[in-house]
Structure formats: C-alpha cells, structure tokens
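A look at the structure
Each chain, letter by letter, is given below.
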Amino acid sequence: MFWLQVSTLVLVNVLIASMLFIRPARAQHGGAGDGALSVWQLIDEVESERQRQDEGTGRHRISAETLARLQT
C-alpha cells in the first residue's frame, strides 16, 4: 500500500511538472488581410452606433429640455 501511494504521488508530480515545462504549440494568426479593423476602430464604431440608438430619431422623441424638466 505504501508503494502505491508513493508511486501515485510521484506520477502526479511528474504530470504537473510536464504541464508546467512542456507547452503545446500555440496557433498563430496568419495576418490581418484586406479590410481588417483594429480594436480601436471597432470600439469607435460600437460607440457611434450606441449614440445613434440613444438619440432617438422617432416622431415621438422627447426633447432634451423636456427631459430635463421631467427629471427635476
């Protein structure tokens, strides 16, 4: 029983060490290509889209003055 526990402990330690020191090959990006956007360009697009949605362009939208009066 003792040798079974020792061998299990050693095996677990070897497994952990192999996971720490031997890293699998990582996939790499092949390149951006035509029409690729950077992160900052995507953030700007999302922000501008949010602002367009928040403005309210419908017929029954509340003006900024009326909204300020309602909030006070």
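Everything numeric here is computed off the predicted structure, so don't read it as measured data.

Quick look at the overall build of the protein chain
Helices and strands together make up the secondary structure of the protein chain, namely 3 helices and 0 strands. Listed N to C, the secondary structure of the protein chain is α-α-α in terms of helices and strands. Evaluated residue by residue, the protein chain yields a buried proportion of 0% over its 72 residues.

Some thoughts on the confidence of the model for the protein chain
Of all residues in the protein chain, 81% have pLDDT values of 70 or greater, and the mean over the chain is 81. Per-element confidence in the protein chain is highest for helix α1 (residues 2-21), whose mean pLDDT is 93, and lowest for helix α3 (residues 64-71), whose mean pLDDT is 82.

Notes on the packing of aromatic side chains
Scanning the entire structure with this criterion turns up 1 aromatic pair. Aromatic side chains F2 and W3 sit 5.2 Å apart centroid to centroid with 70° between the ring planes, which places their arrangement in the edge-to-face category. A relative accessible area of 52% places F2 in the exposed class. According to the relative accessible area criterion, W3 is exposed, its value standing at 66%.

Remarks on the environment of S7
Tracing the backbone through its elements, the reader meets S7 in helix α1. A polar contact is formed between the side chain of S7 and the backbone oxygen of L4, at a distance of 3.0 Å.

Quick look at a nonpolar patch on the surface
Nonpolar side chains collect at one region of the surface, where V12, I16, L20, F21 and I22 lie side by side and expose about 550 Å² of accessible area between them. Structurally, the position occupied by V12 is in helix α1.

Examining α1
With 20 residues, α1 ought to run about 28 Å at 1.5 Å a step, and its terminal C-alpha atoms sit 29 Å apart, in line with that. For α1, a buried count of 0 out of 20 residues is recorded, marking the element as mostly open to its surroundings.

Cut-offs and rules
- Residues numbered from 1 in each chain as written.
- Predicted model: local features only at pLDDT ≥ 70, side-chain atom pairs only at ≥ 80, totals over all residues.
- Heavy atoms only, no water.
- Helix = DSSP H or I, 4+ residues; strand = E, 2+ residues; numbered from the N terminus.
- Buried < 20%, exposed > 50% of the residue type's maximum accessible area, 1.4 Å probe, protein only.
- pLDDT = per-residue confidence, 0-100.
- Phe/Tyr/Trp six-rings, centres within 6.5 Å; stacked < 30°, edge-to-face > 60°.
- Polar contact = N/O pair within 3.5 Å; in protein donor to acceptor, adjacent residues only side chain to side chain.
- Patch = residues over 30% accessible without salt bridge, like charges linked within 9 Å, V, L, I, M, F, W, Y side chains within 5 Å.
- Areas by Shrake-Rupley, 256 points an atom, 1.4 Å probe, with all protein chains shown as cover.
- Salt bridge = Lys/Arg side-chain N within 4 Å of Asp/Glu carboxyl O.
- Expected span 1.5 Å × (residues − 1).

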